[in-house]
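Notes for the structure review
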Amino acid sequence: MIGLQWGDEAKGKLVDLFAADQDIVVRYQGGANAGHTVVVGDKVYKLHHLPSGIVHPHAVAIVGPGVVTNPKTIIGELDSLTSQGVSYQGRLWLSDRSHVVMPWHVLEDQLTDRLSGKDNHIGTTMRGIGPCYRDKVGRSHAIRLGDLSRPEFPRRVEEIVAVKNQMLRSMDPGSAWEPLNAAEITEQYLGYTKILAPMIRETTQWLLDALEAGKRVLFEGAQGALLDIDHGTFPFVTSSNSSGVGICGGSGVPPMWIDKVVGVVKAYSTRVGGGPMATELDNEIGQRIRERGREYGTTTGRPRRCGYLDLVALRYTARLSGVSSLAVMMLDVLSGFDKLEVATAYRIGDEVLERFPSHADDLKQVQPVYETLPGWKEEITTARRWEDLPPNAQAYVRRISAAVGKPVEWVSVGPDRSQTIHLPLK
Ligand code: GDP
Ligand code: IMO
Ligand code: MG
C-alpha cells in the first residue's frame, strides 16, 4: 500500500481494512514522522511508528530494517495500544538491523531547520529522521537496534557523543549549548532496551521464511511517493524511498514476492511543510477543503496546504510505484462544490509539460492546466455501493482512473472502516 501524493492519503484506514485478511503487516521505511489514523466505531488509533495493522489481534507486525526506530516513541505507542485494549504480546518484531534515532538526531533536525534559509526550508516533523538516515549512510556514527544490547554500546555512545558535541557546537556557536551527556543517554537507552529486547530480532530471513511458507504479507508505506528521497520533489522530501520502489530495500523482500500494489490517492492534494505544490489553493476554496477534510497534521498538528487534484503528479507516482489498482480516499470531502478542477498538464511560459519535472525550481514555476469537472451537492458519507454515488462523483473517480490507466478498486467516503465502497476488479 503506497501513498501516491505528499503523505496523509488515508493509508492507515486502508491498511486496517486490508489487514483483516493478512498474516503479517510490515513498516519498512520512515519512522515516527508518519501519522496513520485508524477509526473503528468510536475508537480512534493514531499510529506513528508501528504498522497500523497491529490493531488486528491476529496480525504479526514487523518494523523492518529500513525504518529508523525511536525506542521511546515505540514504548509510548505500545502503552497507548494497551490502554485501548490492544495486546501485542508475541506478535510484534523489531528488526535488529533498524537504525536507532538518538537524541542528537532530534537536535540536529531542530538546528538544521532553524539555520536553513527561507527558500530551502523543508519544515520537517522534527523527529530526527533525516539526521538518523544521514548517519546510517555515513556508517561511522550509526547505532542499530541490535547494538543496544551489546557490551560495546556504552563505549560507542561515548565516542559518538564526543563528535556530536563538537559538531552541534560548531553548527550553533552563538547559543549557550548544553552538551550531550553520554552516560545519561546510555542509561536512558539501556532502560528502553530492557523493555524492547524481547521484540528485537532478525526479521529479513524470518519474513522470507514466512513468504515461502505461504503467509500473506502487507507492506504499509509511510509518507507518499512525492516525498521519495530519490524520485520526489527533492530537497523537499523525506529521507527514505517512500514510493513503491522502497519496499524491497526497506524490508529485504525481493520484487518477485510483490503481486499487488495498491496506490492510495486522496481525492484532492495536500502537503505539509515546504516545497512546491502546483495546484495549491491559498484561498477560500483551499480553506474549505481544509475544514471539510480536517486537514491538520496527525504528527505535528500543522495545517496542511490544500489544493486541487494533480493528475500529472499522480500519473508519475502511480507508474513509479507500479500500482495495480487505486484507492480513492476522502471523496466525501469534495461534496458541495459547484465544480472541481483537476490538473492534466503544466505550463511553463509557452511550453506545455505532461511529465512531472525533476527539479523543484521548475515545479515551482509551473502553472497547472486545468480540466473542469462538474461537482455534486449531495453528502456521500452513507454511500456503500458504487450505485449510491451521484453520477458526477462517479465521473470524478472515473477521470482519475483514466488519467492513471489503472482501475479504481476502493472508494472511501469517511474515516470509519464501514465507509468504504469496494469495486471488484473485472
Ligand atoms: P495517513 O497518514 O495516510 O494514514 O493519513 P492520516 O491518518 O494522516 O490522515 C487521514 C485522515 O483522514 C485521518 O484523520 C482519517 O481518519 C481520515 N479519513 C480517512 N479516510 C477518510 C475518508 O474517506 N473521508 C474523510 N472525511 N476522512 C477520512
Ligand atoms: P504519513 O505517513 C505528510 C513531510 C514533512 C516534511 C518532509 C520531511 O502520515 O503520510 P521528515 O520529518 O520526514 O524529515 O520531513 O516530509 N512528511 C510528511 N508529510 N505525511 C507524512 O507521513 C509525512 N512524513 C514526513 O512535513 O515536509
Ligand atoms: Mg499521516
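Residues numbered from 1 in each chain as written. Chains lettered and ligands numbered in written order. Predicted model: local features only at pLDDT ≥ 70, side-chain atom pairs only at ≥ 80, totals over all residues. Heavy atoms only, no water.

1. Quick notes on the site of ligand 1
We count it as follows: Residues are labelled near a given molecule or strand when at least one of their non-hydrogen atoms is within 4 Å of it. For this analysis, a polar contact is any N or O atom pair within 3.5 Å, provided that within protein one partner can donate a hydrogen and the other can accept it, and provided that sequence-adjacent residues contribute only side-chain to side-chain pairs. Reported accessibility uses the Shrake-Rupley method at a 1.4 Å probe radius. Residues are deemed covered only where the shown protein chains occlude them. Note on residue classes: Ala, Val, Leu, Ile, Met, Phe, Trp, Tyr, Cys and Pro are nonpolar, Asp, Glu, Lys and Arg are charged, and everything else, Gly too, is polar.
Taken together, 19 residues surround ligand 1, and among them Lys11, Gly35, Thr37, Asp332 and Ser412 come closest. Taking Thr37, its side chain carries an N or O atom lying 2.5 Å from an oxygen atom of ligand 1. Arg304 is positioned with one of its side-chain polar atoms (N or O) 3.2 Å from an oxygen atom of ligand 1. Contact with the protein chains covers 91% of the free accessible surface of ligand 1, which is 580 Å². Here the shell around ligand 1 is composed, by residue class, of six nonpolar, seven polar and six charged.

2. Section: the coordination of the magnesium ion (ligand 3)
Under the convention used in this document: Distances decide who is a donor: an N, O or S atom must be within 2.8 Å of the metal, or within 3.2 Å for Na, K and Ca. Water is not included, so sites may look incomplete. For the purposes of this entry, the term helix denotes a DSSP run of H or I that reaches at least four residues, the term strand denotes a run of E that reaches at least two, and both are numbered from the N terminus.
Protein ligation of the magnesium ion (ligand 3) involves Asp8 (OD) and Gly35 (O), the donor distances falling in the range 2.0 to 2.2 Å. One end of the pair, Asp8, is in the loop between strand E1 (2-3) and helix H1 (11-19); the other, Gly35, is in the loop between strand E2 (24-27) and strand E3 (36-40), with 27 residues separating them in the sequence.

3. Some words on helix H3 (residues 103-115)
Worth spelling out the cut-off: Helix span, expected: 1.5 Å multiplied by one less than the number of residues in the helix. Residue burial is assigned from relative accessible area. The probe radius is 1.4 Å, only protein chains are included, and a residue is buried under 20% of its type maximum, exposed over 50%, and partly exposed in between. Contact criterion: two residues are considered in contact whenever any of their non-hydrogen atoms come within 4.5 Å of each other.
Taking 1.5 Å per residue, 13 residues should reach 18 Å; H3 reaches 19 Å between its end C-alpha atoms and fits that length. Along H3, the positions that sit buried rather than exposed are Trp104, His105, Glu108, Asp109, Leu111 and Asp113. Check the buried side of H3 and you find it contacts strand E8 (99-100), helix H4 (129-138), helix H5 (153-171) and helix H6 (182-196).

4. With respect to the sheet that holds strand E7 (residues 92-95)
Let me state the cut-off plainly: A strand pair is defined by DSSP finding two or more bridges across the two strands. Between N-to-C directions, angles span 0 to 180 degrees; the directions come from axes that are lines fitted to C-alpha atoms, helices contributing only their stretch in contact.
Across the sheet, five strands lie side by side as E9-E7-E5-E2-E10; this open sheet has parallel pairing. Each edge of the open sheet is held by one strand with a lone partner, namely strand E9 (200-201) and strand E10 (217-220). Across four bridges, the pairing between E2 and E10 is parallel. When the sheet's bridge partners are listed, Val26 is paired in E10 with Phe219. Strands in contact with helix H7 (residues 204-212) are E2, strand E5 (60-63), E7, E9 and E10; relative to E2, the strand with the most contacts, it is inclined by about 145°.

5. Overview of the pairing of strand E19 (residues 408-412)
Among the five residues that make up E19, five are buried, leaving the element largely enclosed by the rest of the structure. One ladder, built from three bridges, connects strand E15 (residues 325-329) with E19; its direction is parallel. Bridge assignment links Ala327 to a residue of E19, and that residue is Trp410. With three bridges joining them, E19 and strand E20 (residues 420-422) adopt antiparallel strand pairing. The residue bridging Val411 from the neighbouring strand is Ile421, located in E20.

6. Comments concerning the layout of surface pockets
Over the atoms rolls a probe the size of a water molecule, and its path tells where empty space is left. Put simply, the rule reads: Both site types are read off a 1 Å grid over the protein atoms alone. A 1.4 Å probe that fits but cannot get out defines a cavity, while an open set with protein on both sides within 12 Å along at least five of seven lines defines a pocket; lining residues have an atom within 4 Å of a point. Grid points are joined across faces, edges and corners, and a volume is the space filled by probe spheres set on the points.
One number sums up the size of the largest pocket: a volume of about 840 Å³. Lining of the largest pocket is provided by 42 residues; of these, Ile122, Thr124, Thr125, Val237 and Thr238 occupy positions nearest its centre. Secondary structure elements with two or more residues in the lining of the largest pocket: H3 and H4. Top element by residues in the lining of the largest pocket is H4. It accounts for five residues. Considered class by class, the residues forming the lining of the largest pocket number 13 nonpolar, 20 polar and nine charged.

7. Observations concerning the sheet that holds E19
Strand order in this open sheet of five strands is E1-E11-E15-E19-E20, and the pairing throughout is mixed. The open sheet has two edge strands, E1 and E20, and neither has a second partner. Contacts from H1 reach E1, strand E11 (262-266), E15, E19 and E20, with the element oriented near 140° to E11. Across the sheet, helix H12 (residues 391-404) touches E15 and E19, and the angle it forms with E15 is around 145°.

8. Observations regarding the site of ligand 2
Note the threshold: Pocket or cavity membership: a molecule qualifies when more than half of its atoms sit within 2 Å of the grid points of that site.
Within the structure, ligand 2 sits among 20 residues, and Asp8, Lys11, His36, Thr125 and Thr238 are positioned closest to it. At 2.6 Å, a side-chain N or O of His36 approaches an oxygen atom of ligand 2. Protein chains bury 97% of the 550 Å² of accessible surface belonging to ligand 2 in isolation. Here ligand 2 occupies the largest pocket. Partitioned by chemical class, the residues of the shell around ligand 2 number seven nonpolar, ten polar and three charged.

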